[in-house]
Amino acid sequence: MRILVSDPLSEQGLAILGQQFTVDVLTKLSEEELIEKIPDYDALVIRSGTQVTRKVIEAADKMKIIGRAGVGVDNVDVEAATEKGIIVTNAPEGNMLSAAEHTIAMMMGLARNIPQANASLKSKKWERNKFMGVEVNGKILGVIGLGRIGAEVAKRAQGLNMDILAYDPFISEEKANELGVRLMSVHEIVKEADFITVHTPLTKETRNIIDKREFEMMKSNVRIINCARGGIINEEALAQALKSGRIAGAAVDVFVNEPPFDSPMLECDNLIATPHLGASTEEAQVNVAVSVAEEIVAVLNGGVSKNAINIPSVKPEVMSVLAPYIQLAETMSKACAQLLGKNYEKIEISYQGDIAGKDTRPITVAAVKGMLQVALGSAVNYVNANSLAKSRKVEVIESKSQTSDEYASIVKIRITKGNDNQSITGTVVGNAAKIIGINDENVDLAPAGYIIVATHINKPNVIGPCCIVLGKNNINISGMQVGRVPIGEVTIMALNVDSEVPEPILKEMRAVEGIIDAKLIKL
């Protein structure tokens, strides 16, 4: 078998691949060159430089696995790979410690003004008084996002005798106690912390999680660090806070646009900036290369990928039946999680009709994966979804019934937290998936794009004003479903819209008389 390595890879990774297979290292290939060469290969190893587009995947007739030596797979058309039965895998833990250590290094450099003092002395200046620092001992560190890297940062900060506050809506109190941290809201953290570091994936919920309002709540001596993803902290608001002296300083390794040469943050003397170095250690580069090489060797030898971020290979005849339901279940659970909008205690997946007689385990895993991805982003895959749910004390319940009244097969997903729950029901007709129920109200919606779900009282002059709010804000409605209940009772309105709806517009909808709540789900 032949493996194409299209981006630079450490010698240790190449050695593992070369022990059993023919390895060709061909870097800096254009899309056209890659399309021309890819039909001859059984596996492809990439980093961030190669764009694996749908056209490339369609040309990959022998391809069994694509391995990304790193975490992100934004440069791979995962949907196209899944459709073709190609496994896409990454190395989610290879650079974890490097990223955590870089965060601690940035915090210490920020506390003691090390980069600025170094630059000053090298320019032949002796300015000891100018670079007065602070100790981290006894200070409060706020960690926003307590996943793998956030937890490692917290452990190291405890060794520095820091008091750790943490925000993560998907971490239980029990888990927080194990880590020795106190769970708080973002606003509580920004009010109390002396140092703040962010470690969340970049999602709709976490984008600009620290913005102008949050900076106004902070202590004037606070120092903030972002070694996670550009966009978690509003860069314009951060630049203004630095320039005005609203905060003492910041250390940033990641940016919305990279390289960030036009960023106003670079004009601030109280900013430490590094060019996305979180994973740039010799050890991390070896770790990710070795990890992805071992994954590829295992799969090409008929084994299982431990870090597959899409569905592992199954027999074509089985995939033809399960694939639409796998995607549907993942989409519906994402929608449920967005509607519930809080920590989850339980997910129930119910199968009715013909699908109940199949091996539904891949569908159930897809549902768990979709739910957790709302909180944890691309770190969740088909292999680790169940273990992540277990570690967060999320109960997974599967039930089956061979009878179904209206459709040949139905899948229903319900996610619960305390007394609150959200449910979505779906089916597949032909090869087309559709949502047929939201919280037991009958609908008929395509599970794609953006959907506004508005809970309201069934009475005149509710639906019209909501549509007017969207219309005047240039939000196009492409479909509408309204629940059928007696006048005066509570029901839902589901609106397919052609673009994302900002929170201020949703807030305006909620102000319409009769509207109880309005939430946007992104599918």
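Residues numbered from 1 in each chain as written. Predicted model: local features only at pLDDT ≥ 70, side-chain atom pairs only at ≥ 80, totals over all residues. Heavy atoms only, no water.

Draft legend 1. Molecular detail of the overall build of the protein chain. When you go through the protein chain residue by residue, the secondary structure sums to 17 helices and 22 strands. Rg of the C-alpha trace for the protein chain: 25 Å, near the compact-globule value of 24 Å for 523 residues, within the 12% margin. In the form shown here, the protein chain has an accessible surface area of approximately 24200 Å², with 49% of it arising from carbon and sulfur atoms. The protein chain carries 55 positive and 64 negative side-chain charges, and their two centres are separated by 4 Å. (Helix = DSSP H or I, 4+ residues; strand = E, 2+ residues; numbered from the N terminus. Rg over C-alpha atoms; globule rule 2.2 N^0.38 Å. Areas by Shrake-Rupley, 256 points an atom, 1.4 Å probe, with all protein chains shown as cover. Lys, Arg positive; Asp, Glu negative; His and termini not counted. Charge placed at Lys NZ, Arg CZ, Asp CG, Glu CD.)

Draft legend 2. Fine view of the pairing of strand 4 (residues 65-68). The alternating pattern of strand 4 places Ile 65 and Gly 67 and Ile 66 and Arg 68 on opposite faces, both of which are buried. One ladder, built from four bridges, connects strand 3 (residues 43-46) with strand 4; its direction is parallel. Across the sheet, Val 45 pairs through a bridge with Gly 67, a residue of strand 4. Two strands pair when backbone bridges link them, and strand 4 and strand 5 (residues 87-89) are joined in this way by three bridges, in the parallel orientation. (Buried < 20%, exposed > 50% of the residue type's maximum accessible area, 1.4 Å probe, protein only. Pairing = 2+ DSSP bridges.)

Draft legend 3. Examining the pattern of salt bridges more closely. Within this structure, the stated rule accounts for 23 salt bridges. The residue Glu 93 makes a salt bridge to Arg 148 at a minimum N-O spacing of 3.1 Å. Of the two residues, Glu 93 is situated in the loop between strand 5 and helix 5 (96-112) and Arg 148 in helix 7 (residues 148-159); the sequence distance between them amounts to 55 residues. Where Arg 361 meets Asp 359, a salt bridge forms, and the shortest distance between an N and an O atom there is 2.8 Å. Residue Arg 361 is classed as exposed on the basis of its relative accessible area of 59%. Through salt bridges that share partners, Glu 503, Arg 510, Asp 517 and Lys 519 make up one connected network. (Salt bridge = Lys/Arg side-chain N within 4 Å of Asp/Glu carboxyl O.)

Draft legend 4. Geometry of the sheet that holds strand 4. The strand order across the open sheet formed by five strands is 2-1-3-4-5, and the pairing between neighbours is parallel. Each having just a single partner strand, strand 2 (22-25) and strand 5 make up the two edges of the open sheet. Along the sheet, successive strands turn relative to each other by an average axial angle of 15 degrees, direction set aside. Of the strands in this sheet, strand 1 (2-5), strand 2 and strand 3 are in contact with helix 1 (residues 11-18), which crosses strand 2 at around 145 degrees. The strands that helix 12 (residues 282-300) touches are strand 1, strand 3, strand 4 and strand 5; relative to strand 4, the one it contacts most, it runs at about 170 degrees. (Axes fitted to C-alpha atoms, helices over the stretch in contact; angles between N-to-C directions. Contact = heavy atoms within 4.5 Å.)

Draft legend 5. Structural view of the sheet that holds strand 17 (residues 432-438). Read across the open sheet, the six strands follow the order 14-13-15-16-17-18; overall the sheet is mixed. The outermost strands of the open sheet, each flanked by one partner alone, are strand 14 (395-401) and strand 18 (441-445). Here the strands of the sheet are splayed against their neighbours by 20 degrees on average, with no regard to which way each runs. For strand 13 (residues 346-353) and strand 14, the ladder comprises seven bridges, and the chain directions are parallel. Note that in strand 14 the partner of Gln 352 across the bridge is Ser 401. Most of the contacts of helix 14 (residues 361-376) go to strand 13, to which it runs at about 145 degrees, and overall it touches strand 13, strand 14 and strand 15 (409-417).

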